[in-house]
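Secondary and tertiary structure notes
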Amino acid sequence: METTAGSRVLEGWRPPGDATAVRRVRERGGIVVGKTNCDEFGMGSSTENSAFQVTANPWDESRVPGGSSGGSAAAVSARQCMVSLGSDTGGSVRQPASFCGVVGIKPTYGRVSRYGLVAYASSLDVIGCFASSVADAGILIHAISGHDRLDATSSKQEVPDFTSQFMPSDSFESKPLKGLRVGVIRETLGDGVDQAVISSINAAAAHLEDLGCSLAEVSLPSFSLGLPAYYVLAISEASSNLSRYDGIRYGNQVLANELGALYGDSRAKGFGDEVKMRILMGTYALSAGYYDAYYKRAQQVRTMVKNDFKAALIEHDFLISPAAPSAAYKIGEKKNDPLAMYAGDIMTVNVNLAGLPALVVPCGFVEGGSSPLPVGLQMIGSAFSEDKLLKVGHVFEQTLKDFNFVPPLVADSRAS
Amino acid sequence: MASLLSRGFQIRPVFLYPLPLFTKRVPRVFYCKSKSTEAPTITQEKPLPSQNRSSSQKPNTSLNVLQDYEAIIGIETHVQLSTLSKAFCSCPNNYGAQPNTNICPVCMGLPGALPVLNSKVIEFAVKLGLALNSELSFNSKFDRKQYFYPDLPKGYQISQFDIPIAKGGYIDVDLPVELGGGNRRFGITRVHMEEDAGKLLHSDNGTDSQVDLNRAGVPLLEIVSEPDMRTGIEAAEYGAELQRLVRYLGVSNGNMQEGSLRCDVNVSVRPIDQPKFGTKVEIKNLNSFSAINRAIDYEISRQVELHRQGQADQIVQETRLWEEGSQKTVTMRKKEGLADYRYFPEPDLLEVILTEDFVDNIRKSLPELPEMRRRRYEKLGLNMQDVLLLANDRTVAEFFDATIAKGADPKLATNWLMSDIAAYMKDKKVSINEVKLTPTELAELIASIQNGTISGKIGKEILFGLIAKGGTVEGIIKEKNLVQILDPVEIEKMVDKVLSANPTQVEQYRGGKTKLQAFFAGQIMKESKGKANPGLLNKILLEKLNA
């Protein structure tokens with residue numbers, strides 16, 4: 001199938017084989033019905049950076065679906081397919097899941113093979129899943145998880161069977177999540193977060209309490225450092241991973257009389273602005289004299305973030321936060337303000353830096369669009385604890401009675 | 001090495017150093033053809049661990065012109081490892097395949113492809129590191145070295161930057177006898193693992209180039225020497241010893257023509273008493289050890305001459321190409337400072353962690369290295385020239401070892417190996433292992449000659465049979481009835497027969513033409529079908545003739 005990664009440099013390119021994750025889906029009887037839109041090379045948080053089109057949010061077509069895997073989230077949200085795959089480097093599965101009112105899961109780094117995933121930032125990229133229920137997300141993520149000899153960073157850790165733990169809600173005890181300790185990340189419910197979102201998350205937390213969880217506030221002191229560290233690391237690795245797009249072996253080539261021009265023109269004409277900007281910044285960050293100040297420094301911050309999570313996850317079974325500081329915003333609203341766009345990743349990037357798994361489950365709505373806009377609850381667990389997260393998410397979802405997470409346009413088309 | 005002599009002289013400009021004192025054209029040292037001339041005795045002393053400038057290491061041959069200058073030479077060698085598959089994918093690693101037939105998404109750098117390390121690369125790297133007496137890094141990693149070029153599919157080369165798998169170490173080299181001999185120790189700075197790039201084939205008219213990625217991803221070890229060499233010969237010998245070493249270890253076929261051993265050389269000169277190093281010039285396109293030698297010598301003279309003319313500032317840090325045709329180095333590109341490769345740790349690969357057990361097992365499996373073998377052969381009493389020739393090829397040396405293990409005299413075994421056997425191998429283009437002669441039979445042959453069962457002449461004939469068709473000495477002797485005739489009575493009969501058949505010549509001999517003895521000897525030998533003992537034959541013949 002044509003694989004463009006949302007970019008003109010790969011327009012028309014057909015890879016010689018399936019990615020490992022896709023191959024596993026097919027081996028287990030899955031039917032691939034199509035491919036979806038995304039921000040170019042995964043760089044973006046709204047799918048507006050796709051070279052081909054902007055995807056609309058099924059809840060309000062004047063708004064973004066989130067990104068970079070906005071297309072996959074929207075497709076599931078609009079019930080065009082049952083489940084879909086996306087990639088999450090800094091929140092690209094979780095934030096669109098929140099914007100589109102669907103379930104999104106980001107597994108532990110190394111849980112799912114990256115072979116065949118067009119690389120953006122190698123030490124941060126993971127393949128994740130979208131679904132309209134936690135159980136479906138669990139089944140899909142289980143199918144694609146496991147060690148792959150084609151990916152040296154894939155983990156040999158056993159994958160437990162977590163597909164048979166999704167019990168129907170009438171089998172639940174009265175306090176099904178009794179004994180679970182939940183940490184509410186203080187830094188995610190303050191300045192810069194929409195009040196309506198905070199309310200939704202607090203309500204979700206109260207719901208967890210009803211289910212038997214014990215709640216406590218937890219602080220991650222390095223929280224705010226994660227965003228700049230993430231961006232330095234991601235763009236540095238990206239500038240390297242995108243060096244192969246030179247028009248020589250595959251992809252679009254702009255003919256020229258001289259090598260430098262061939263490379264330069266092929267890349268200049270092929271890449272979009274956001275990608276070019278990140279490549280330039282990443283190249284700068286890695287260049288002689290700057291490596292220590294930027295890349296190395298960012299890796300050190302990364303270690304701090306990891307340690308803070310580790311400490312918090314000893315005291316708590318999982319942590320919760322919003323998946324985004326707001327609900328879906330209007331198309332075009334942040335496109336010309338990259339920093340504002342980046343700031344929207346604050347809820348999700350730290351999880352990628354730490355390599356931890358996280359599940360986003362729709363938990364409520366906020367006003368703002370032509371219809372209410374969904375908000376997702378992010379649950380973060382310790383490494384390789386996808387099974388536990390899914391179990392909690394399933395119970396949460398099945399007991400959340402007052403909300404209907406089918407977008408109006410879908411509901412309408414079903415009614416008619 | 002040999003061609004440095006005549007070719008160099010004709011083309012070099014006048015100001016260069018005087019001719020080395022050779023009286024005959026010597027064969028290239030590392031082919032198996034020795035003369036039986038005795039080499040001057042070589043000092044058995046081990047030199048001091050490498051120091052740049054002192055005393056006893058001063059080369060005693062070609063570069064007398066450098067009385068007031070000293071050359072500092074360092075070499076970077078890339079060795080292609082003879083693993084079955086490439087460094088980071090399972091593509092076959094073999095030379096000479098049709099272009100772009102040994103490729104896959106990984107080594108092509110397709111989107112989504114990931115490298116996975118071939119563990120044999122580590123094994124070979126540790127092997128070489130140990131053989132070079134280096135210190136191994138038990139925790140090393142890979143880094144990305146980034147630059148753009150069409151033969152580099154990913155736009156970066158997976159290499160090792162700040163933590164190479166091996167650091168430090170040294171290699172001991174014996175300089176060829178004809179070029180002054182001597183033993184040198186050259187330091188090694190580091191050894192690291194990396195992948196090779198593809199190949200570009202340029203069209204004749206320069207309008208286009210084509211990319212062949214068969215070689216992309218082939219594993220390499222890069223060996224960087226300390227700047228310890230002082231002459232072209234030392235540098236060439238260092239290269240040759242590395243080649244010998246990687247072949248001994250079985251980690252590479254070390255073939256310069258195929259590109260599995262590539263050397264880039266750095267040369268600078270400085271006035272003898274100046275502590276600061278001069279400007280370093282890199283030389284590429286060196287396709288043989290003799291080219292290394294000649295290129296360095298040329299470059300040294302070029303730089304020294306510029307110094308002498310007060311134009312030392314014209315020596316710039318640059319890369320020059322060695323032109324085989326004109327026998328000079330020419331500017332390829334000027335280095336605008338150092339390239340910035342934007343190194344950072346390769347995130348797609350895990351850290352390389354060695355265990356003591358792993359390293360110990362490899363250490364135990366190391367074969368006897370060339371240097372040790374040469375010292376052992378010296379102790380056997382062989383002359384240096386023979387030592388160097390024998391120890392050059394591990395398979396030949398092992399054949400020799402097996403032969404003397406059966407009791408053969410080392411000197412005689414050497415002679416057979418280096419002359420007749422070597423000539424056969426060269427002629428038929430076979431290796432010692434393809435020759436049908438076995439060490440046991442060679443030992444048997446030597447013993448049979450020594451104890452007089454057969455004559456030396458017959459021995460040579462038998463040898464040809466053994467080499468080409470195999471069999472045993474004993475068998476052939478019996479089959480062809482080749483036992484030497486030692487019975488004086490029998491020989492006398494034959495002498496009489498020949499003399500009586502040639503009365504005219506006898507008359508002539510007795511009249512003063514003593515040279516006819518050879519004629520009679522030849523006839524008698526023919527009569528005996530080559531089996532007569534030559535000494536006895538001539539003794540009896542002379543007796544009869546002078547009677």
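These figures come from a predicted structure and were not determined experimentally. (Residues numbered from 1 in each chain as written. Chains lettered and ligands numbered in written order. Predicted model: local features only at pLDDT ≥ 70, side-chain atom pairs only at ≥ 80, totals over all residues. Heavy atoms only, no water.)

Digging into the overall build of chain A
When helices and strands are counted, chain A shows 13 helices and eight strands. Its C-alpha atoms give chain A a radius of gyration of 20 Å, within 12% of the compact-globule value 22 Å for 416 residues. For chain A, the spread of C-alpha atoms along the three principal axes comes to 75 × 55 × 45 Å. Here chain A holds 416 residues, and the buried ones make up 60% of them. When the accessible surface of chain A is summed, it comes to about 16,200 Å², and 53% of that surface belongs to carbon and sulfur atoms. Placing the 37 positive and 43 negative side-chain charges of chain A at their respective mean positions leaves the two points 6 Å apart. (Helix = DSSP H or I, 4+ residues; strand = E, 2+ residues; numbered from the N terminus. Rg over C-alpha atoms; globule rule 2.2 N^0.38 Å. Buried < 20%, exposed > 50% of the residue type's maximum accessible area, 1.4 Å probe, protein only. Areas by Shrake-Rupley, 256 points an atom, 1.4 Å probe, with all protein chains shown as cover. Lys, Arg positive; Asp, Glu negative; His and termini not counted. Charge placed at Lys NZ, Arg CZ, Asp CG, Glu CD.)

A word on the packing of aromatic side chains
Residue and element names in this part refer to chain A. This model, assessed by the stated rule, comprises 27 aromatic pairs over all chains. Ring centres 5.9 Å apart and planes at 40° place the aromatic pair Trp13 and Tyr250 in the tilted group. With Trp13 in the segment before α1 (20-27) and Tyr250 in the loop between α6 (226-241) and α7 (259-270), the pair connects residues that are 237 residues apart, well separated along the chain. For the pair Trp13 and Tyr250, a shared accessibility class is recorded, and that class is buried. When the centroid spacing of 6.0 Å and the interplanar angle of 50° are considered together, the rings of Phe365 and Phe403 count as tilted. Residue Phe365 is found in strand β7 (residues 358-366), and its partner Phe403 is found in the loop between α12 (386-398) and α13 (408-415); the two are separated by 38 residues along the sequence. For Phe403, a relative accessible area of 33% corresponds to the partly exposed category. (Phe/Tyr/Trp six-rings, centres within 6.5 Å; stacked < 30°, edge-to-face > 60°.)

What to know about the confidence of the model for chain B
Regions with low pLDDT should not have their predicted coordinates read in detail. Residue and element names in this part refer to chain B. Mean pLDDT over chain B stands at 85; residues scoring 70 or higher make up 87%. Every residue in residues 1-62 is under pLDDT 50, and counting partners more than four places away or in other chains gives 109 contacts. The complex prediction reports pTM at 0.87, with the ipTM value standing at 0.95. (pLDDT = per-residue confidence, 0-100. Contact = heavy atoms within 4.5 Å.)

Regarding unusual backbone geometry
Residues and elements named next belong to chain A. Of note, the amide linkage connecting Gly67 to Ser68 takes the cis form, showing an omega dihedral of 10°. Here Ser68 lies in the loop between α1 and α2 (70-77). Positive phi, close to 55°, is recorded for Arg79, a residue that is not glycine. As for its placement among the helices and strands, Arg79 is situated in the loop between α2 and β1 (83-88). At Phe384, a position not held by glycine, the phi torsion is positive, near 60°.

Description of the sheet that holds strand β2 (residues 103-106) of chain A
All names here are of chain A. Taken in spatial order, the eight strands line up as β1-β3-β2-β7-β8-β6-β4-β5 in an open sheet, and their pairing is mixed. Edge strands, defined here as strands with exactly one partner in the open sheet, are β1 and β5 (214-218). With strand direction ignored, the average angle separating the axes of adjacent strands in the sheet is 30°. Pairing analysis gives three bridges linking strand β4 (residues 181-185) to strand β6 (residues 318-322), with the strands arranged parallel. Following the sheet pairing, Gly183 is matched in β6 by Leu319. (Pairing = 2+ DSSP bridges. Axes fitted to C-alpha atoms, helices over the stretch in contact; angles between N-to-C directions.)

Examining the side chain of Lys531 of chain B
All names here are of chain B. With respect to the secondary-structure elements, Lys531 resides in the loop between α16 (516-527) and α17 (534-545). Buried within the structure, Lys531 lacks any salt-bridge partner; Glu490 is the closest side chain of opposite charge, at an N-O distance of 7.5 Å. Leave out the neighbours within four places in its chain, and Lys531 touches Ile458, Asn481, Leu482, Val483, Gln484, Ile485 and Met525. (Salt bridge = Lys/Arg side-chain N within 4 Å of Asp/Glu carboxyl O.)

Focus: the pairing of β4 of chain A
Residue and element names in this part refer to chain A. Where burial is concerned, most of β4 is hidden: four out of the five residues are buried. Across five bridges, β4 lies against β5 in parallel orientation. In the sheet register, Val184 faces β5, and the bridge partner there is Glu217.

Looking at a nonpolar patch on the surface
Residue and element names in this part refer to chain A. Together, Tyr284, Tyr290 and Tyr294 make up a nonpolar patch on the protein surface, roughly 290 Å² of accessible area in all. On the secondary structure map, Tyr290 appears in the loop between α8 (273-286) and α9 (292-315). Tyr290 sits in the partly exposed class, given a relative accessible area of 33%. (Patch = residues over 30% accessible without salt bridge, like charges linked within 9 Å, V, L, I, M, F, W, Y side chains within 5 Å.)

So, the pattern of salt bridges
Residues and elements named next belong to chain B. Evaluation of the coordinates by the stated rule reveals 51 salt bridges over all chains. A salt bridge links Arg185 to Asp172, with the shortest nitrogen-to-oxygen separation between them at 2.7 Å. Residue Arg185 is located in strand β8 (residues 183-195), and its partner Asp172 is located in strand β7 (residues 170-174); the two are separated by 13 residues in the primary sequence. Connected via shared salt-bridge partners are Asp174, Glu241, Arg244, Glu371, Arg374, Arg375 and Glu378.

Points about the side chain of Thr83 of chain B
Residues and elements named next belong to chain B. With respect to the helices and strands, Thr83 occurs in the loop between β1 (69-80) and α2 (105-108). Among the polar contacts listed, one links the side chain of Thr83 to the backbone oxygen of Ser85, at a separation of 2.7 Å. When neighbours within four sequence positions are excluded, Thr83 is seen to be in contact with Asn93, Asn118, Lys120, Val121, Phe124 and Pro219. (Polar contact = N/O pair within 3.5 Å; in protein donor to acceptor, adjacent residues only side chain to side chain.)

Digging into the pairing of strand β8 (residues 373-380) of chain A
Residue and element names in this part refer to chain A. Counting buried residues along β8, eight of its eight residues qualify, which places the element largely inside the surrounding structure. In β8, alternate side chains face the same way, and those of Leu373, Val375, Leu377 and Met379 on one face and Pro374, Gly376, Gln378 and Ile380 on the other are all buried. Across four bridges, β6 lies against β8 in antiparallel orientation. Counterpart to Pro322 in the pairing with β8 is Leu377. Direction of pairing for β7 relative to β8: antiparallel, over a ladder of eight bridges. Its bridge partner lying in β8, Val366 is registered against Leu373.

Regarding the packing of helix α10 (residues 410-428) of chain B against helix α12 (residues 456-469) of chain B
Residue and element names in this part refer to chain B. Where α10 meets α12, the closest approach of the two axes is 11 Å, and the angle between their N-to-C directions is 50°. Classified by the angle between their axes, α10 and α12 sit oblique to one another. Both α10 and α12 take part in a crossing whose hand is right-handed. In contact with Trp416, Asp420, Ile421 and Tyr424 of α10, α12 contributes Gly459, Lys460, Leu463, Phe464, Ile467 and Ala468. Of the residues assigned to the contact of α10 with α12, the class counts are seven nonpolar, one polar and two charged. (Parallel < 35°, antiparallel > 145°, perpendicular 65-115°, else oblique. Left-handed = near helix turned anticlockwise from the far one by under 90°. Nonpolar A, V, L, I, M, F, W, Y, C, P; charged D, E, K, R; others polar.)

With respect to the interface of chain A and chain B
Taken together, the contact between chain A and chain B spans 35 residues of the former and 31 residues of the latter. Buried surface at the junction of chain A and chain B, both sides included, amounts to about 2,700 Å², of which 61% is carbon and sulfur. On the surface where chain A and chain B come into contact, there are one salt bridge. Counting the contacts that link chain A with chain B gives 14 residue pairs in polar contact (both at pLDDT 80 or more). Here the residues of the side of chain A that touches chain B sort into 19 nonpolar, nine polar and seven charged. (Buried area = accessible area lost by both parts, 1.4 Å probe.)

Side note on the sheet that holds strand β16 (residues 344-345) of chain B
Residues and elements named next belong to chain B. One open sheet accounts for three strands, arranged β5-β4-β16; its pairing is antiparallel. Whereas interior strands pair on both sides, the edge strands pair on one side only; in this sheet they are β5 (156-159) and β16. Bridge count for strand β4 (residues 143-146) against β16 is two bridges, and the pairing is antiparallel. Residue pairing across strands places Arg144 opposite Phe344, the latter belonging to β16.

Thoughts on α7 of chain A
Residues and elements named next belong to chain A. Look at α7: 16 Å from first C-alpha to last across twelve residues, which is about the 16 Å you get at 1.5 Å a residue. Within the sequence span of α7, burial applies to Leu262, Tyr263, Ser266, Arg267 and Gly270. One face of α7 carries all of its buried residues, which in axial projection span an arc of 110°. For α7, the N-terminal capping position is held by Glu258, with its side-chain oxygen 2.8 Å away from the main-chain nitrogen of Gly260. (Expected span 1.5 Å × (residues − 1). Arc of directions from axis to C-beta.)

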